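Chain by chain, the residues run as shown.
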Amino acid sequence: MNTPVPMPGVHALIAVASGKGGVGKSTVAANLAAAFAARGRRVGLLDADIYGPSIPRMMGIGGTPMAADGDRIQPLVSHGIACMSIGFVVGEADPVVWRGPLVARTLEQLLAEVDWGPLDVLVIDLPPGTGDAQLTLAQRAPLSGAVIVSTPQDIALAAARKGLHMFEKVDVPVLGLIENMSYFICPHCGARTDIFAHGGAKREAERLGVPFLGEIPLDVRIRETSDAGTPIVIAEPESPQAQAFLSIADGLWAGIAPEQDGKAGPGERVQL
Ligand code: ADP
């Protein structure tokens, strides 16, 4: 069964993907969710990274989501964002050793059996790479599209390219590439260092003919705020780092909103 699970209360679903782990995919997913919420949208965040769920820590939330008898599971709410994570069920440090069919079934439950709506946008943090879990999500979630997070260097970009081809194969539009850890500004002297080189994702986006959505610096406050459970877009909304996420979220919204209902434009709130 490869038909998408119907999610009538959710206006747009955006998957955040990466070709490999550790490039900041979850950090970007959490901050994009926060950026949509800062623009007044109703936002959900689904942590589908079954092998390394980090959304509970990044959103500063834990506990067991409950369902009243026969009802759908209620997401946990943090910073005004409806959150659901496999980490609420298995714990962040527990290894998940599941076979493919169980992974697929669990992901389907996270879509269909959670009381998500009404939402303007559901951001989905995918596991890294291009395995079963990503395919299940790409086929079973009614995705508006996917964004791919990469660091600037070649090895990460090669992995991102694979991710892009996977989405193309299953007809999920690629909304664009984001370059994370794009450059580093020394907090002491202000000098800039391109630790993982710079601009690789932009060049790759041009080469592949997909939008380049923007770049996020490598920055200690981005790491600290994530670790402390309040993404930088919420903790320090005026900072240049938060503004980088906000401007990417605005660009993304401009890309999906008109296509979704034919009338909402950038900056307009969608009425469900
Ligand atoms: P992934 O989801 O790709 O595995 P994470 O989002 O979990 O990656 O990020 C891995 C680590 O790098 C985390 O400790 C996170 O706080 C940190 N990190 C991610 N992006 C940045 C950034 N732009 N600046 C500083 N640290 C970052």
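As the structure is a prediction and not an experimental result, all values here were calculated from the model. (Residues numbered from 1 in each chain as written. Predicted model: local features only at pLDDT ≥ 70, side-chain atom pairs only at ≥ 80, totals over all residues. Heavy atoms only, no water.)

Draft legend 1. Inspection of the overall build of the protein at higher detail. A count of helical and extended segments in the protein gives ten helices and ten strands. For the protein, the spread of C-alpha atoms along the principal axes amounts to about 60 × 45 × 35 Å. Counting only residues that meet the buried cut, the protein has 53% of its 272 residues in that class. Long-range pairs, those at least 24 residues apart, make up 74% of the contacts in the protein with a sequence separation of at least 6. Counting only carbon and sulfur atoms, one obtains 54% of the accessible surface of the protein, whose full area is about 11,700 Å². In the protein, 21 positive and 29 negative side-chain charges are present, and the distance between their average locations comes to 3 Å. (Helix = DSSP H or I, 4+ residues; strand = E, 2+ residues; numbered from the N terminus. Buried < 20%, exposed > 50% of the residue type's maximum accessible area, 1.4 Å probe, protein only. Contact = heavy atoms within 4.5 Å. Areas by Shrake-Rupley, 256 points an atom, 1.4 Å probe, with all protein chains shown as cover. Lys, Arg positive; Asp, Glu negative; His and termini not counted. Charge placed at Lys NZ, Arg CZ, Asp CG, Glu CD.)

Draft legend 2. Summary view of the pairing of strand β1 (residues 10-18). By the criterion of burial, β1 is predominantly enclosed, with nine of the nine residues buried. In terms of strand pairing, β1 meets strand β5 (residues 119-125) through six bridges, oriented parallel. Residue pairing in the sheet places L13 in a bridge with L122 of β5. With five bridges connecting them, β1 and strand β6 (residues 145-150) associate as parallel partners. When the bridges of β6 are listed, A17 appears paired with I148. (Pairing = 2+ DSSP bridges.)

Draft legend 3. Up close: the site of the ligand. The local shell around the ligand holds 16 residues, among which G22, K25, S26, T27 and P217 are the closest. Contacts to the ligand include S26, whose backbone N or O atom sits 2.9 Å from an oxygen atom. In this structure, T27 approaches the ligand through a side-chain N or O atom, which is 2.6 Å from an oxygen atom. When the ligand is considered free in solution it has 560 Å² of accessible area, and contact with the protein chains removes 82% of it. At the level of elements, α1 (25-38) and α8 (220-227) are the ones that each hand at least two residues to the shell around the ligand. (Near = heavy atom within 4 Å. Polar contact = N/O pair within 3.5 Å; in protein donor to acceptor, adjacent residues only side chain to side chain.)

Draft legend 4. Geometry of the packing of helix α4 (residues 100-112) against helix α5 (residues 132-140). The contact between α4 and α5 brings their axes to 9 Å, and the two run at 40°. Classified by the angle between their axes, α4 and α5 sit oblique to one another. Crossing handedness for the pair α4 and α5: right-handed. From α4, G100, V103, A104, L107, E108 and L111 reach across to α5, where they touch D132, A133, T136, L137 and R140. (Axes fitted to C-alpha atoms, helices over the stretch in contact; angles between N-to-C directions. Parallel < 35°, antiparallel > 145°, perpendicular 65-115°, else oblique. Left-handed = near helix turned anticlockwise from the far one by under 90°.)

Draft legend 5. Inspection of the environment of V170 at higher detail. Looking at the secondary structure, you find V170 in the loop between α6 (154-169) and β7 (174-179). Sequence separation between V170 and R223 is 53 residues; the distance between their C-alpha atoms is 33 Å. In contact with V170, not counting residues within four places along its chain, are L135, A138 and Q139.

Draft legend 6. Geometry of the pattern of salt bridges. Inspection of every chain in the model, using the stated rule, returns 13 salt bridges. Note that D125 and K25 form a salt bridge whose closest N and O atoms lie 2.8 Å from each other. Of this pair, D125 sits in strand β5 while K25 sits in helix α1, and the two are 100 residues apart along the sequence. This pair shows no difference in class: D125 is buried, exactly as K25 is. Between R221 and E224 there is a salt bridge, with its nearest N and O atoms 2.6 Å apart. Of this pair, R221 and E224 both sit in helix α8, separated by three residues, roughly a single helical turn. By relative accessible area, which is 32% here, R221 ends up partly exposed. By relative accessible area, which is 31% here, E224 ends up partly exposed. Salt bridges here are not isolated pairs; linked through shared partners, they connect K25, D49 and D125. (Salt bridge = Lys/Arg side-chain N within 4 Å of Asp/Glu carboxyl O.)

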